[in-house]
Amino acid sequence: MPKNRYIVGNWKMNLDYDQTVALATALMNMASTLPPDLEVIACPSPLYLDRVRTTLKQSAIKLGGQNVFWEDKGPFTGEYSAPMLRDLGVSYVIVGHSERRQHLHETDRMVAGKVSACLRNGLVPIVCIGETFEHRRQGKRNAVVADQLRLALGEQMISPNNRVIVAYEPIWAIGSGQACAPDEAAEAGYAIRSQLFELFSEQLVMNNMALIYGGSVDGQIAAQYVDGQIFSGVLVGGASHRADSFSAVIQSIANLSSSS
Ligand code: PGA
């Protein structure tokens, strides 16, 4: 896995224009204190991407999309494409978030199309996979995430210039205030990594892919997931929506030594 560490802030559909600008400004103000191997990625509403880009322009904070369409152009009312995101300075895109799979009926096939749109346009997909509480109870977690991973990535042409981040996000842990225990997350992460080694060469997995954890992460627990062995970062929802709680997450990971 690459040495960089990642903190992805998924602002979802929660902040209005002023709140978005205020949060981006707070991030901008802390950016110069961050270690160089730590990539903080802000994913605002697509409507505010351009505005957030202006605020973050002088900083190392990266811009991420929350979604993308699988075609690059065409009659797809209301959608936006990877080239459009790239035009706005976006470098990462969250793909296949469980909220989209659930509320917008996004299928594994659509997720694969979106991953492929990211890869052909030089964007880094953050591919979200994770099991429901019921899957977990039935002991199906590893099988479910392995399937999601294979369907999202198995057919992709991943070149040495591409990077892929896989986010393990147990659905029952998202927004529930009940994070998956770090050992359990690591167990799932280990299974995901083994599956990546089955799908791709060791070199590609080690150099071009990273695995992060998401689900009720806050500043108290974030650092427990970033061991540098299995997980090299976190995807943060709720705690990324306020400057104090997001900076607590960022500081807790920035304080880890980069070798851990
Ligand atoms: P949460 O959201 O941190 O609020 O659980 C995580 C996510 O949706 O990715």
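Keep in mind the model is a prediction, meaning the values are calculated, not measured.

A. Just the site of the ligand, in detail. Near the ligand you find K12, H97, E169, A173, I174, G175, G215, S216, L235, V236, G237 and G238, and these make up its full shell. Contact distances for the ligand include 2.7 Å between an oxygen atom and a side-chain N or O atom of H97. Between the ligand and E169 there is a distance of 2.5 Å, counted from an oxygen atom to a side-chain nitrogen or oxygen. Burial of the ligand by the protein amounts to 95% of the accessible area it has alone, namely 280 Å². Here the shell around the ligand is built from residues that sort into four nonpolar, six polar and two charged.

B. Representation of the sheet that holds strand β1 (residues 5-10) within the structure. In space, the eight strands of this closed barrel follow the order β1-β2-β3-β4-β5-β6-β7-β8, with parallel pairing throughout. Averaged over all neighbouring strand pairs, the angle between strand axes comes to 25°, with direction disregarded. In this structure, strand β6 (residues 164-168) lies alongside strand β7 (residues 209-214), joined through five bridges in parallel fashion. Counted as the bridge partner of V166 is L211 from β7. Strand contacts of helix α11 (residues 243-254): β1, β2 (38-43) and β8 (233-236), with the helix running at about 175° to β1, the strand carrying the most contacts.

C. Seen up close, the nonpolar core. Ranked by size, the top nonpolar core spans 68 residues in total, and within it I7, W11, L153, Y213, V234 and I250 carry the most contacts. Those residues in contact with Y213, other than ones at most four positions away along the chain, are Y168, P170, A173, A179, C180, A185, Y225, F231, G233, V234 and L235.

D. Main features of the environment of E202. Mapped onto the elements of the fold, E202 is located in helix α9 (residues 202-208). By relative accessible area, E202 is classed as exposed at 56%. With 13 residues separating them in the primary sequence, E202 and G215 have C-alpha atoms 28 Å apart.

E. Main features of the state of the cysteines. Taken as a whole and assessed by the stated rule, the structure comprises zero disulfides. Here C43 is not disulfide-linked; the sulfur of C128 is the nearest cysteine sulfur, at 9.5 Å. For C43, a relative accessible area of 0% gives the class buried. Exposure remark for C128: the relative accessible area of 2% places this residue in the buried category.

Criteria and cut-off values
- Per chain, the residues get numbers from 1 upward, laid out in the order the sequence is written.
- The predicted origin of the model limits local features to residues at a pLDDT of at least 70 and limits the giving and counting of side-chain atom pairs to 80 or more, whereas totals for whole chains, interfaces and linings rest on all residues.
- Neither water nor hydrogens contribute to the side-chain values; these are computed over all heavy atoms in the structure.
- If a single non-hydrogen atom of a residue is within 4 Å of a molecule or strand, that residue counts as near it.
- Polar contacts here mean pairs of N or O atoms no more than 3.5 Å apart (in protein, one a potential hydrogen donor and the other a potential acceptor; neighbouring residues in sequence count only if both atoms are side-chain atoms).
- Per-residue accessibility takes into account occlusion by the displayed protein chains alone, with areas from the Shrake-Rupley method and a 1.4 Å probe.
- Charged residues are taken to be Asp, Glu, Lys and Arg, nonpolar residues to be Ala, Val, Leu, Ile, Met, Phe, Trp, Tyr, Cys and Pro, and polar residues to be all remaining types, Gly included.
- Strands qualify as paired when DSSP identifies two bridges or more between them.
- Every helix listed is a DSSP run of H or I at least four residues long, and every strand listed is a run of E at least two residues long, numbered separately from the N terminus.
- Inter-axis angles, ranging from 0 to 180 degrees, are taken between N-to-C directions of lines fitted to C-alpha atoms, where helices are fitted over the stretch in contact.
- Residue contacts are defined here by distance: any two heavy atoms, one from each residue, within 4.5 Å place the two residues in contact.
- Residues enter a nonpolar core if they are buried and are Ala, Val, Leu, Ile, Met, Phe, Trp, Tyr or Cys, with the set joined through side-chain atoms within 4.5 Å.
- Exposure is judged per residue with a 1.4 Å probe applied to protein chains only, and the accessible area is read against the type maximum: over 50% gives exposed, under 20% gives buried, and values in between give partly exposed.
- Count a disulfide wherever a pair of cysteine sulfur atoms falls within 2.5 Å.

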